[in-house]
Amino acid sequence: MNNVIEYLPHGFCIAWNPQLLAMHVISDLLIAIAYFSIPIGIVYVAKKRPDAELQPIYYLFAAFILACGVTHVMGILTLWVPLYYTQGITKIVTALVSVATAIYLLPKLKHIMALPDLGKLTQINTALAQEIVSRRQSEVSLRQSQELALQAQKTQAAFLANMSHEIRTPMNGVLGTLDLLLDTELKPEQLQLAAASKRSAASLLSLLNDILDISKVESGQLTLRHSPLELADVFADVEAALAFDANSKGIELQCPAERVPNTIYLGDSVRMRQILLNLVGNAIKFTDVGHVKVVCQEVSRTAQQAVLEFTVKDTGIGIAPEHQKNLFKRFTQVDNSSTRRAQGSGLGLAIVKELVELMGGKVRLHSEPGRGTEIVFSLKLGLPADSGQMKGDETIETTPGTDTATAPTVQQFHGKVLVVEDAAMNQMVVCKVLERLGLASKVANNGQEAIDLLAQEQFDLVLMDGQMPVMDGYEATAMIRSGSVPGINPNIPVVALTAHAMVGEDKKCLDAGMNDYLTKPLDRAKLIEVLGKYLQKA
């Protein structure tokens, strides 16, 4: 019993170990302090953070920790002596862990106190679920919109291709008939009326080409040629095309007004002409007195390319500052009233801007009302390997106002041509043009008739329309090339003559087995060029 008495509480203890007693008291004191700090910290944070919400779980947690702390305080008061040294050591470790937990937990109480209750968490979770559903619906809607946009783009392309075909087919008849009429002997008044009709038809065709060009730019299908060109030839073509309009208004047209470089450049001469025709044509349209001048100079050069700057300056009516910012936008005009002095689609200058930027340049405008307009644009053109050598003199001089182009001689050919065309007007026009070129011709109304005629008669060349009833031109060409029809020469030259002028149509014709590609309205010079490849010249 004496040993047992030694392990009774201090109040009844006869003898105790001072070291064990100190260990017991210190550990209990530390644990109690750690426990008490947590509920005190909760109350402190709650007072310092008005936005914090004390939920019941926090009160329960604080009560539990407080009870643990009180238990250890009671242990200190009763001064229980541990039965074994290991229990004292364990108690010290527990105390240290408790203190470490309190030190770690106390700085984070403000974050814990700021958490919403379970109801709010449920609301947040519901809102997130709704957001996910909404985003999925948006993605589905976006995909549908994208599909609709692609479908609309395809529909637009199909519509433009169809309208191009439907408009070009009668335009071929109109322009072709006028060309044939102008080749005959006419009275001065008749000649004037026929020439005016041809200019009007050409304007309508130009409008159609503008619409197609905008469509090509939007779809990224507008490609640029990279072939040798001479500025003098480009300026001569522009001046020849617009000299009549300038002379009829009594305006001096200087195109070019100064010497131009005689270097051979690499670029798209067709698009360069289109830019100049738009700008110079506009300048003439809005100039009543004075002149329209075109200047070109080379502003910089590297081994591979040169930058050319073109200036089109007129003495016309000018443009007000508030209208200048919209001048190069599509479908916009300075004067949209029904009494405006010049008609147009509002596409010409927009196409100019698109083409200039596509050719690596920029366009800028300076204009004052009543004092004329100056448009400056730059183009980046390639240089051939021997670009350091000038052709002849460094520059050439063109006399302003003179036409440097000479009328080409009408080439004559030998042979017989089969014209496969379903429109009666176009049949007449093409056959008349071929007759003027010394060629005999026969007409087939569709591809099947063409196959039948080729099997019965000998022809030297076929002019094949693409879109026809019964059998189209592509299927007829495939049958010709197949060699499956007796009597047909599978190697006979077949030249497409189609009203389809959309990008890729030429490749489609060539892939079908045709040798060449011409578009309506029929350009007589291009027809002569193509015929020269396959027929014997007279």
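Residues numbered from 1 in each chain as written. Predicted model: local features only at pLDDT ≥ 70, side-chain atom pairs only at ≥ 80, totals over all residues. Heavy atoms only, no water.

Caption draft 1: Examining the overall build of the protein chain more closely. Helix and strand counts for the protein chain stand at 16 helices and 16 strands. For the protein chain, the proportion of its 538 residues judged to be buried stands at 38%. In the protein chain, the share of contacts with a sequence separation of at least 24, taken over all contacts with a separation of at least 6, comes to 73%. Of the roughly 30300 Å² of accessible surface on the protein chain, a fraction of 58% belongs to carbon and sulfur atoms. (Helix = DSSP H or I, 4+ residues; strand = E, 2+ residues; numbered from the N terminus. Buried < 20%, exposed > 50% of the residue type's maximum accessible area, 1.4 Å probe, protein only. Contact = heavy atoms within 4.5 Å. Areas by Shrake-Rupley, 256 points an atom, 1.4 Å probe, with all protein chains shown as cover.)

Caption draft 2: Here's a closer look at the packing of aromatic side chains. Scanning the entire structure with this criterion turns up two aromatic pairs. Note on Phe-235 and Phe-310: the rings are 6.3 Å apart at their centroids and 45° apart in plane angle, and the pair reads as tilted. Note that Phe-235 is positioned in helix 8 (residues 231-248) and Phe-310 in strand 6 (residues 305-314), a separation of 75 residues in sequence. Take Phe-235: its relative accessible area is 1%, and that puts it in the buried class. Residue Phe-310 is classed as buried on the basis of its relative accessible area, which comes to 0%. For the ring pair Phe-310 and Phe-377, a centre distance of 4.9 Å and an interplane angle of 5° mean the geometry is stacked. Pair noted here: Phe-310 is in strand 6 and Phe-377 is in strand 8 (residues 372-382), with a separation of 67 residues, a long-range link. Both residues of the pair, Phe-310 and Phe-377, count as buried. Among the aromatic residues, ring-to-ring pairing joins Phe-235, Phe-310 and Phe-377 into one connected group. Between the NZ or CZ atom of Lys-416 and the centre of the ring of Phe-459, over which it lies, the distance is 4.8 Å. If you follow Lys-508 out to its NZ or CZ, it ends over the ring of Tyr-474, 4.5 Å from the centre. (Phe/Tyr/Trp six-rings, centres within 6.5 Å; stacked < 30°, edge-to-face > 60°. Lys NZ or Arg CZ within 6 Å of the ring centre and 35° of its normal.)

Caption draft 3: Up close: empty space enclosed by the protein. One pass over the structure, following the stated rule, counts one cavity of 30 Å³ or more. Reported here for the largest cavity is a volume of approximately 40 Å³. The wall of the largest cavity is formed by Gly-176, Asp-179, Val-433, Leu-522, Asp-523 and Arg-524. Looking at the lining of the largest cavity, its residues break down into two nonpolar, one polar and three charged. (1 Å grid on protein atoms, 1.4 Å probe; cavity = no way out; pocket = protein on both sides within 12 Å on 5 of 7 lines; lining within 4 Å. Points joined across faces, edges and corners; volume = space filled by probe spheres on them. Nonpolar A, V, L, I, M, F, W, Y, C, P; charged D, E, K, R; others polar.)

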